[in-house]
Amino acid sequence: MPRPVTVTYSVSPSSAAVARAAAQLFTDAAVNAVQHRGTARIAISGGNTPETVFELLANPAHPFVTQVPWDKLDLYWVDERCVPPDHAESNYWMTREAMLSKVPLAAERIHRMEGELDPHVAAARYESTIRNTFKLEGAETPTFDLVLLGMGDDGHTASLFPHTEALDNITDIVIANHVLQKETWRVTLTFPVINQGRQVAFLIEGAGKAQVLHDVFTGPYQPEVFPSQLIRPASGQLTLLLDAAAASKLPVPSGASPAEPYIGSLELA
Ligand code: 6PG
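Reading the values: rules and limits
- Residues numbered from 1 in each chain as written.
- Predicted model: local features only at pLDDT ≥ 70, side-chain atom pairs only at ≥ 80, totals over all residues.
- Heavy atoms only, no water.
- Pairing = 2+ DSSP bridges.
- Helix = DSSP H or I, 4+ residues; strand = E, 2+ residues; numbered from the N terminus.
- Contact = heavy atoms within 4.5 Å.
- Axes fitted to C-alpha atoms, helices over the stretch in contact; angles between N-to-C directions.
- Near = heavy atom within 4 Å.
- Polar contact = N/O pair within 3.5 Å; in protein donor to acceptor, adjacent residues only side chain to side chain.
- Areas by Shrake-Rupley, 256 points an atom, 1.4 Å probe, with all protein chains shown as cover.
- 1 Å grid on protein atoms, 1.4 Å probe; cavity = no way out; pocket = protein on both sides within 12 Å on 5 of 7 lines; lining within 4 Å.
- Sits in = over half its atoms within 2 Å of the grid points.
- Nonpolar A, V, L, I, M, F, W, Y, C, P; charged D, E, K, R; others polar.
- Core = buried A, V, L, I, M, F, W, Y, C linked by side-chain atoms within 4.5 Å.
- Buried < 20%, exposed > 50% of the residue type's maximum accessible area, 1.4 Å probe, protein only.
- Salt bridge = Lys/Arg side-chain N within 4 Å of Asp/Glu carboxyl O.
- Left-handed = near helix turned anticlockwise from the far one by under 90°.
- Points joined across faces, edges and corners; volume = space filled by probe spheres on them.
- Phe/Tyr/Trp six-rings, centres within 6.5 Å; stacked < 30°, edge-to-face > 60°.

Colleague: Describe the sheet that holds strand β9 (residues 200-204), with residues and values.
Modeller: Taken together, eight strands build an open sheet; the order of strands is β5-β3-β2-β6-β9-β10-β1-β11 and the sheet is mixed. What marks the edges here is a single partner per strand, and that holds for β5 (110-111) and β11 (262-268). Here helix α5 (residues 119-134) sits on the sheet in contact with β2 (40-44), β3 (73-77) and β5, set at roughly 160° to β3.

Here it is in structure tokens:
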């Protein structure tokens, strides 16, 4: 059975407010990691939702770009599509356009999954990158300071899609995953590595995610159907950053109003 987890969901009334909350979480995680360990290692997701967060982090009109310790940050990806780095579908390309081309993060600290390669080669090379940069020995696995996740309306996260082989892999750090429903290959961190993150957070927006959020966090445990249910951080804590639309089918704390920011909590047994 999965480990018990306290899910804390921070609900903001607007998409802009959620993006600010996510940018603040990213910044705080990086600052805290550097203060305690001298370096920050963060793994980010792709897709559409985080783009505004990355733009905020790079925007000189906001405080984040001067607060993030870019010179001590190592940036990784949770997953990548098997396309070239300048392809419209590339998570790296989205992040480069939104943030990397505008912030002082050194190229050697940007650890890109090489989507242009054979998926298995890309996964093996990325596992080596992680082992080398985390200085792992033997069967050690990495502890990211923050893992920032999204969730698809099918309940997938990272590139852990329903009924795919990756859901059963508890031994590798990075794997190639064939996603039949998309007729494509992906490269992804495995769920045990995600769960080892010091802080794990989902960033989810939009009414289209309300039902799957309800199913994942309040429905029966069926991770083959809803792979996001595999995300049960070893820390015992899981953060959701949501807008009101996405949170509309989760319990609203007494006295809270969707028109104002609120924080809810639920226990996963
Ligand atoms: C990807 C992401 C993926 C994403 C979800 C949600 O490569 O697409 O890593 O896991 O987080 O698909 O995507 P949206 O934010 O676009 O809804």
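There's plenty left to go through after this.
Colleague: Any chance you could break down the site of the ligand for me, citing the residues and the numbers?
Modeller: Residues in close proximity to the ligand total 16 residues, the closest being Thr-49, Asp-79, Arg-81, His-156 and Ala-158. Take Arg-81: an N or O atom from its side chain is 2.7 Å from an oxygen atom of the ligand. Between the ligand and Asn-91 there is a distance of 2.9 Å, counted from an oxygen atom to a side-chain nitrogen or oxygen. Across the complex, the protein chains shield 90% of the 420 Å² of accessible surface that the ligand would expose by itself. Comparing atom positions with the cavity grids shows the ligand to sit within the largest pocket. Within the shell around the ligand, the residues separate by chemical class into two nonpolar, 10 polar and four charged.

Colleague: Let's hear about the nonpolar core: which residues, and what values?
Modeller: Counting 89 residues, the largest nonpolar core has Ile-130, Leu-189, Ile-194, Phe-217 and Leu-240 as the members making the most contacts within it. Top contributing element to this core by residue count: helix α1 (residues 15-37), with 10 residues. If we ignore the near neighbours within four places in the chain, the residues touching Leu-189 are Ala-43, Trp-77, Val-78, Met-113, Ile-130, Phe-144, Leu-160, Ile-173, Val-174 and Ile-194.

Colleague: I'd love a proper account of the pattern of salt bridges, names of residues and values included.
Modeller: Should the charged atoms of two oppositely charged side chains come close, the side chains can pair. What the rule picks out here adds up to 10 salt bridges. Ionic pairing is found between Arg-109 and Asp-74, a salt bridge with its closest N-O pair at 2.9 Å. Placement of Arg-109 in the loop between α4 (91-98) and β5 and of Asp-74 in strand β3 is noted, with a sequence separation of 35 residues between them. Through salt bridges with shared partners, a single ionic network connects Arg-37, Asp-145 and Arg-198.

Colleague: Would you mind going over the packing of helix α2 (residues 51-58) against α4 in detail, with residue names and values included?
Modeller: As a packed pair, α2 and α4 sit with axes 8 Å apart at the nearest point and diverge in direction by 35°. The hand of the α2/α4 crossing is right-handed. For the pair α2 and α4, contact is made by Glu-51, Phe-54, Glu-55 and Ala-58 and by Met-94, Thr-95 and Ala-98, respectively. Here the contact of α2 with α4 is built from residues that sort into four nonpolar, one polar and two charged.

Colleague: Before we move on, can you summarise the layout of surface pockets with the specific residues and values?
Modeller: To locate leftover empty space, one rolls a probe as large as a water molecule over the atoms. Roughly 490 Å³ of volume is contained in the largest pocket. Only β4 (79-81) and α4 provide two or more residues apiece to the lining of the largest pocket. Its residues assigned to classes, the lining of the largest pocket shows six nonpolar, 11 polar and nine charged. What the second largest pocket holds in volume is close to 160 Å³. In this structure, the second largest pocket is lined by Pro-2, Arg-3, Phe-191, Pro-192, Asn-195, Gln-196, Tyr-221, Leu-230, Arg-232 and Ala-234. Considering only residue class, the lining of the second largest pocket consists of six nonpolar, two polar and two charged.

Colleague: An account of the packing of aromatic side chains is requested, with residue identities and associated values reported.
Modeller: The description of an aromatic ring pair rests on the distance of the ring centres and on the angle between the ring planes. Considering all chains together, one arrives at five aromatic pairs under this definition. When the ring of Tyr-76 is compared with that of Phe-144, the centres are 5.2 Å apart and the planes differ by 75°; the resulting orientation is edge-to-face. With Tyr-76 in strand β3 and Phe-144 in the loop between α5 and β6 (146-149), this residue pair connects regions lying 68 residues apart in the sequence. Exposure class is identical for Tyr-76 and Phe-144. Each is buried. With a centroid separation of 5.0 Å and 75° between ring planes, the pair formed by Phe-134 and Phe-144 is classed as edge-to-face. A residue pair is termed long-range when its members are at least 10 positions apart, and Phe-134 in helix α5 and Phe-144 in the loop between α5 and β6 qualify at 10 residues.

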